Number of protein chains: 2
Amino acid sequence: MIVLEDRKSLNDWVEQSRLRGGKVGFIPTMGALHEGHLSLVREARKSCSQTIVSIFVNPTQFGPGEDFDQYPRTFVEDKALLEDISCDAIFLPSPEVIYPPGGQTFITVEPLASQLCGASRPGHFQGVATVVTILLNLVRPHAAYFGVKDYQQLTLIKQMVRDLALAVEVVGVPIVREKDGLALSSRNRYLTTEERKQAAALYKALCTAKSLYKDGELRAKELEQAARGVLLESGIEQIDYVEVRDKEKLTSELTADDPVMLIAARVGKTRLIDNMVLST
Amino acid sequence: MIVLEDRKSLNDWVEQSRLRGGKVGFIPTMGALHEGHLSLVREARKSCSQTIVSIFVNPTQFGPGEDFDQYPRTFVEDKALLEDISCDAIFLPSPEVIYPPGGQTFITVEPLASQLCGASRPGHFQGVATVVTILLNLVRPHAAYFGVKDYQQLTLIKQMVRDLALAVEVVGVPIVREKDGLALSSRNRYLTTEERKQAAALYKALCTAKSLYKDGELRAKELEQAARGVLLESGIEQIDYVEVRDKEKLTSELTADDPVMLIAARVGKTRLIDNMVLST
């Protein structure tokens, strides 16, 4: 496995991979890798002859007061994990490699970017859209893999790729969960033992809503109320949102035909998100 | 010469051109072609084995009350002109081909986009940046050619291509002028005989400023004043701006080392722009 730190060495690798034929699969990450990320790499390896993971804690998607500085950086462990599953390359750029001085360009996806997580994290999705475009343009993969865990991010990237006619297939990969249902996240390591137990309530809330939906409850408000109840019962009170949305467009629907439920809540100081498609 | 109207046929042409090897040169236009556009194609043909011109009057770069509806559409003549100079392909998309329904994504280049022409045409450069990115992603050329006549547009596109790491070389091609110095523009055909005579004053104003600069006048305000004088003298009173700016970044400089002068003014109802690098 090769570690590429600048544009020149990345480009050489990309050119060689393309010459060799076969597909290049790309997995953009912020590092602090866990089984969720590894499942993306495994998925890429199924249909791509070359896989490349980027590790870049993107400053522009963190707001003031967010956890950019504390965000875990665990490169030695990340590298070992990727080597273990036969990833071909890591792109490990510094901020200057991604953002040469004097940049003025950003990408906006509206109204998708300003709702749900975007409402409480202004600028977040502009940062995500812009960095993903830069990374896709540098790596020029045939397919890019994103976790369904970040449902709004995945929806936004699909929308952007379609709108800008980017020549890449966007693949969403199912959430990997702990035994008690907690979705894997690099931020889970912030949780205390007590908070870790509480955090399983997000999954429980989603399952409760899904079960009600299966039993015929189609009213968004009722489903949201039930899920909120589960969170509150477990002591999670800082609920950012519990929303039933259209699965494809994330528009609000009073009675969605094919709905996804999305949750964001703070457990202690840690903001967690999770989601579940209710109709499958 | 082949005319491509949808993404599929364009993509087939692009794939074939790339397989054949050699460079693909791309010239995005809004049609109503004149010698200025043809000079872009000729420049492309010098270093590219395949040249493709897009003709698309992009609705998103026209503001309300601007000349989108009146903008000249002269496809039969355009096609004949391109055939004459051995252009290889025309991409002639409908708005739906460029903008499938439900689009949410746009590209902003700030502060470049909000000054000069951007100040009086809000949204114009967002429309330009976004459509150029879409076209570049669809055509995937090695090089793209733009007229220096639209100096701010060229600067903005260079900035955006750099910021987003788009894999294309941006080439600026010198202004083509009439005998009296008027820069060629599709909008010149709006001018009455009287206005057409007046319009030459833009070039005269630029030459006056350049001559003063060569004689040692480095103060932007004085250069601008002199150019304004020439415009007013010829009866051009609706001056949008006369500005001396840094040649590369278009920042305002009281005494620019390497300045360009940019002019936008209305002659009758027609808005004309022109520019000249003073230091060469």
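Residues numbered from 1 in each chain as written. Chains lettered and ligands numbered in written order. Predicted model: local features only at pLDDT ≥ 70, side-chain atom pairs only at ≥ 80, totals over all residues.

**Q** Lay out the overall build of chain A in plain terms, naming residues and giving numbers.
**A** Within chain A one finds 10 helices and 10 strands. Computed over its C-alpha atoms, the radius of gyration of chain A comes to 19 Å, within 12% of the 19 Å expected for a compact globule of 280 residues. Based on the C-alpha atoms only, the size of chain A along its principal axes is roughly 55 × 40 × 40 Å. Put simply, chain A has 280 residues, and 42% of those count as buried. Of all intrachain contacts in chain A linking residues separated by at least 6 positions in sequence, the fraction that spans at least 24 positions is 68%. (Helix = DSSP H or I, 4+ residues; strand = E, 2+ residues; numbered from the N terminus. Rg over C-alpha atoms; globule rule 2.2 N^0.38 Å. Buried ≥ 20, exposed ≤ 12 C-beta atoms within 10 Å, placed from the backbone. Contact = placed C-beta atoms within 7 Å.)

**Q** Could you give an account of the interface of chain A and chain B, naming the residues involved and the relevant values?
**A** Counting residues at the interface gives 23 residues for chain A, matched by 23 residues for chain B. Only strand 5 (105-109), helix 6 (124-139) and helix 7 (151-163) of chain A provide two or more residues apiece to the side of chain A that touches chain B. A per-element tally of the side of chain A that touches chain B places strand 5 of chain A first, with 5 residues. Counted by class, the side of chain A that touches chain B contains 13 nonpolar, 7 polar and 3 charged residues. (Nonpolar A, V, L, I, M, F, W, Y, C, P; charged D, E, K, R; others polar.)

**Q** So what about the sheet that holds strand 1 (residues 2-4) of chain B? Which residues, and what values?
**A** All names here are of chain B. The 6 strands are arranged 1-4-3-2-6-7 in an open sheet whose pairing can be described as parallel. In the strand order of this sheet, the two ends are held by strand 1 and strand 7 (169-173), each with one partner. Ignoring strand direction, the axes of neighbouring strands in this sheet form an average angle of 25 degrees. With 2 bridges connecting them, strand 2 (residues 24-29) and strand 6 (residues 143-147) associate as parallel partners. Along strand 6, the bridge assignment pairs Gly25 with Ala143. Its contacts with the sheet place helix 2 (residues 35-47) against strand 2, strand 3 (50-55), strand 6 and strand 7, and it is angled at close to 150 degrees to strand 6. Most of the contacts of helix 6 (residues 124-139) go to strand 2, to which it runs at about 150 degrees, and overall it touches strand 2, strand 3, strand 4 (89-91) and strand 6. (Pairing = 2+ DSSP bridges. Axes fitted to C-alpha atoms, helices over the stretch in contact; angles between N-to-C directions.)

**Q** Can you explain the environment of Ala129 of chain A? Please cite residues and give values.
**A** Residues and elements named next belong to chain A. Relative to the assigned elements, Ala129 resides in helix 6. For the pair Ala129 and Ile273, spaced 144 residues apart in sequence, the C-alpha to C-alpha distance is 19 Å. Those residues within four positions of Ala129 in sequence are excluded, and the remaining contacts are Ile107, Val109, Leu156 and Met160.

**Q** Before we move on, could you go through the relation of the copies chain A and chain B and cite the residues and values that matter?
**A** When chain A is fitted to chain B, the best match, at an RMSD of 0.0 Å, comes from turning it 180 degrees and sliding it 0.0 Å along the axis. Here the two chains are linked by the operation of a two-fold rotation axis. Minimal C-alpha distance to the rotation axis in chain A is attained by Ile107 of chain A, lying at 2.3 Å. Most of the interface of chain A is mirrored in chain B: 96% of its interface residues are interface residues there too. (Least-squares fit on C-alpha atoms with pLDDT ≥ 70 in both.)

**Q** Which residues make up the sheet that holds strand 3 (residues 50-55) of chain A, and what values do they have?
**A** Residues and elements named next belong to chain A. If you trace the 6 strands from one edge of the open sheet to the other, you get 1-4-3-2-6-7, paired in parallel fashion. The open sheet terminates on both sides in strands that have one partner only, identified here as strand 1 (2-4) and strand 7 (169-173). Neighbour to neighbour, the strand axes of the sheet diverge by 25 degrees on average, direction disregarded. Across the sheet, helix 2 (residues 35-47) touches strand 2 (24-29), strand 3, strand 6 (143-147) and strand 7, and the angle it forms with strand 6 is around 150 degrees. In the packing of helix 7 onto the sheet, the strands contacted are strand 6 and strand 7, and the crossing angle to strand 7 comes to about 170 degrees.

**Q** Tell me about the confidence of the model for chain A, residues and numbers included.
**A** For chain A, per-residue confidence averages 96 on the pLDDT scale, and 99% of positions sit at 70 or higher. Reported for the predicted complex are a pTM of 0.96 and an ipTM of 0.95. (pLDDT = per-residue confidence, 0-100.)

**Q** Could you give an account of the domain arrangement of chain A, naming the residues involved and the relevant values?
**A** Residues and elements named next belong to chain A. Along its sequence, chain A is organised into domain 1 (2-173) and domain 2 (186-275). A separation of 26 Å is found between the C-alpha centroids of domain 1 and domain 2. Contacts between the two partners involve 11 residues from domain 1, matched on the other side by 11 residues from domain 2. Elements represented by at least two residues in the side of domain 1 that touches domain 2 include exactly helix 5 (117-120) and helix 7. Ranked by residues supplied to the side of domain 1 that touches domain 2, first place goes to helix 7 with 3 residues. (Domains from an automatic or database assignment.)

**Q** Just give me the short version of the environment of Val53 of chain A, but keep the residues and values in it.
**A** Residues and elements named next belong to chain A. Along the polypeptide, Val53 turns up in strand 3. Judged by the 29 C-beta atoms lying within 10 Å of it, Val53 is buried. For the pair formed by Val53 and Tyr145, sequence separation is 92 residues and the distance between their alpha carbons is 9.7 Å.

**Q** Lay out unusual backbone geometry with the relevant residues and their values.
**A** All names here are of chain A. Residue Pro111 is reached from Glu110 by a cis peptide bond, and omega for that bond is 10 degrees. The topology assignment puts Pro111 in the loop between strand 5 and helix 5. In this model, Arg140 sits at a positive phi of 45 degrees, which is unusual for a non-glycine residue. When you line up the elements, Arg140 lands in the loop between helix 6 and strand 6. At Ala165, a residue that is not glycine, the phi angle is positive and equals roughly 60 degrees. For Ala165, the position within the fold is in the loop between helix 7 and strand 7.

**Q** Requested: an account of the packing of helix 6 of chain B against helix 7 (residues 151-163) of chain B, with residues and values cited.
**A** Each packed pair of helices is defined by two parameters, the angle between the axes and the distance between the axes. All names here are of chain B. One way to put it is that helix 6 packs onto helix 7 with a least axis distance of 11 Å and a crossing angle of 50 degrees. As far as their axial angle goes, helix 7 and helix 6 are oblique. Like other packed secondary-structure pairs, helix 6 and helix 7 cross with a definite hand, here right-handed. Residue-level contacts link Phe125, Val128, Ala129 and Val132 of helix 6 to Gln153, Leu156, Ile157 and Met160 of helix 7. Split by residue class, the contact of helix 6 with helix 7 holds 7 nonpolar, 1 polar and no charged. (Parallel < 35°, antiparallel > 145°, perpendicular 65-115°, else oblique. Left-handed = near helix turned anticlockwise from the far one by under 90°.)

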